[in-house]
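Coordinate inspection notes
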Amino acid sequence: MKKNSYDPLQREYAGLASRYDNRWYSYVQASISETLQRLDLPAEGRVLDVGCGTGALLVELMDKAPALGYAGIDLSTEMLKVAQRKLGQGVTLKQAPAEELPYADGEFDVVVSTSVFHFIQQPLQALREMRRVLAPAGRVVITDWCDDYLSCRVCDRFLRMFSRAHNKIYNTVEFRRLLTEAGFQDIFIDRYKINWLWGMMTAQARKMETQ
């Protein structure tokens, strides 16, 4: 993917970064809470947050399991600056797209992502990158909007017409197919409503031991 393909998303969040936490506080906290309820962290190892934004999920993860190592990537340097102020120097943050993770094969035990996947332009490539950086039997946990819900289908159509940053909201069947094609197994997808508008899903899957 050419670098300028990311420009609409980078521009949008450059303008939002300074007020993002206040503007979206309730939604962000609700989606993080739902993700944490479905996330079993290992006793040791490293965790990567793909699309970490202002670091809200990483803050909660570090509080829950401080012994683990943490890293995050995001497209927006402005969002990463906010995250770094929260997290300090103990967490490695890098500017990068989900389709090109700047890490070695097998470097992480868990890859997690919240409310990001509908922006990703090459979803299968992103999932393959998440699998690549996972250790054998490592787990991915992804929370995003769910097209199984009518409100999200309406939102998806609207955003496709008016937001260049938006790509697609997936339903559970589509997302399971993507995870399978990317080489994951033991796939479980749980869908739920946060409020009248936001229908979400959290997908969990494991990297095949032989990969």
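Bear in mind the structure is a predicted one, so any value in this text is a computation, not a measurement.

Cut-offs and rules
Each chain has its residues counted from 1, following the order in which its sequence is written. Owing to the predicted nature of the model, reporting of local features is limited to residues with pLDDT of at least 70; listing and counting of side-chain atom pairs is limited to 80 or more, with chain, interface and lining totals taken over all residues. Note that water and hydrogens are dropped before the side-chain values are worked out from all heavy atoms of the structure. Centres within 6.5 Å make a pair out of two Phe, Tyr or Trp rings, where for Trp the six-membered ring is used; the pair is then stacked when the planes are under 30 degrees apart, edge-to-face when over 60, and tilted otherwise. Helix numbers and strand numbers start at the N terminus; a helix is a DSSP run of H or I with at least 4 residues, a strand a run of E with at least 2. Relative accessibility decides the category of a residue: with a 1.4 Å probe and only protein chains considered, values under 20% of the type maximum give buried, values over 50% give exposed, and everything between is partly exposed. Two residues form a contact once any of their heavy atoms are found within 4.5 Å. For two strands to count as paired, DSSP must find a minimum of two bridges between them. In this description, a line fitted to the C-alpha atoms serves as the axis of each element, helices being fitted only across the stretch in contact, and the angle between N-to-C directions of two axes falls anywhere from 0 to 180 degrees. A crossover gets the label right-handed when its path from the first strand over the helix to the second runs clockwise, viewed with the strands pointing away from the viewer. As used here, the term nonpolar core means buried Ala, Val, Leu, Ile, Met, Phe, Trp, Tyr and Cys residues forming a set that is joined through side-chain atoms within 4.5 Å.

**A few points about the packing of aromatic side chains**
With the rule as written, the count across this model stands at six aromatic pairs. Between Phe117 and Tyr170, the aromatic rings sit 5.9 Å apart at their centres with planes inclined by 70°, giving edge-to-face as the arrangement. Here the residue Phe117 occupies a position in the loop between β4 (108–114) and α6 (123–133), and Tyr170 occupies one in the loop between α7 (150–162) and α8 (172–181), the gap between them amounting to 53 residues. The pair Phe117 / Tyr170 is uniform in exposure class, with both members buried. Both rings, one in Phe117 and one in Phe175, keep their centres 4.9 Å apart while their planes meet at 90°; by these two values the pair is edge-to-face. On the criterion of sequence distance, the pair formed by Phe117 in the loop between β4 and α6 and Phe175 in helix α8 is long-range, its members being 58 residues apart. The same class applies to Phe117 as to Phe175, namely buried. Following the ring pairs from residue to residue traces out a cluster consisting of Tyr27, Trp145 and Trp198.

**So, the environment of Tyr103**
Relative to the helices and strands, Tyr103 resides in the loop between β3 (92–95) and β4. As for Tyr103 and Met62, which are separated by 41 residues in sequence, their C-alpha atoms are 20 Å apart. In this structure Tyr103 touches Leu48, Ala71, Gly72, Ile73, Thr92, Lys94, Phe108, Arg132 and Val133, once residues within four positions along its chain are discounted.

**Quick notes on the sheet that holds strand β6 (residues 184–193)**
An order of β3-β2-β1-β4-β5-β7-β6 is seen for the seven strands of this open sheet, with the pairing classed as mixed. The two strands at the open ends of the sheet, each matched to only one other strand, are β3 and β6. Shown here is a sheet whose adjacent strand axes are inclined to one another by a mean of 15°, direction ignored. Across seven bridges, strand β5 (residues 134–145) lies against strand β7 (residues 199–207) in antiparallel orientation. Its bridge partner being in β7, Trp145 is matched across the sheet by Met200.

**A look at unusual backbone geometry**
Of note in this structure, Ala137 is not a glycine but carries a positive phi near 70°. With respect to the helices, strands and loops of the structure, Ala137 is situated in strand β5. Positive phi, normally seen in glycine, also occurs at Asp186, with a value near 50°. As for its placement among the helices and strands, Asp186 is situated in strand β6. Its relative accessible area of 52% is what places Asp186 among the exposed residues.

**With respect to the pairing of β5**
Counted residue by residue, β5 has ten buried out of twelve residues, so it is predominantly covered. Viewed along the sheet, the connection from β4 through α6 into β5 turns out right-handed.

**Here's the deal with the nonpolar core**
As a rule of thumb, soluble globular proteins bury nonpolar side chains together. Residues Leu48, Val111, Leu127, Met130, Val140, Phe175 and Leu179 are the most contacted members of the largest nonpolar core, which totals 34 residues. Going through the elements one at a time, β1 (46–50), β2 (69–74), β4, α6, β5, α8, β6 and β7 are the ones with two or more residues in this core. Ranked by residue count, the leading element in this core is α6, at five residues. With sequence-adjacent residues up to four places away left out, Val111 is seen in contact with Leu48, Val50, Met130, Val133, Leu134, Arg139, Val140 and Val141. Counting residues in each nonpolar core, the second largest holds 33 residues, with Val47, Met79, Val110 and Trp198 among its members.

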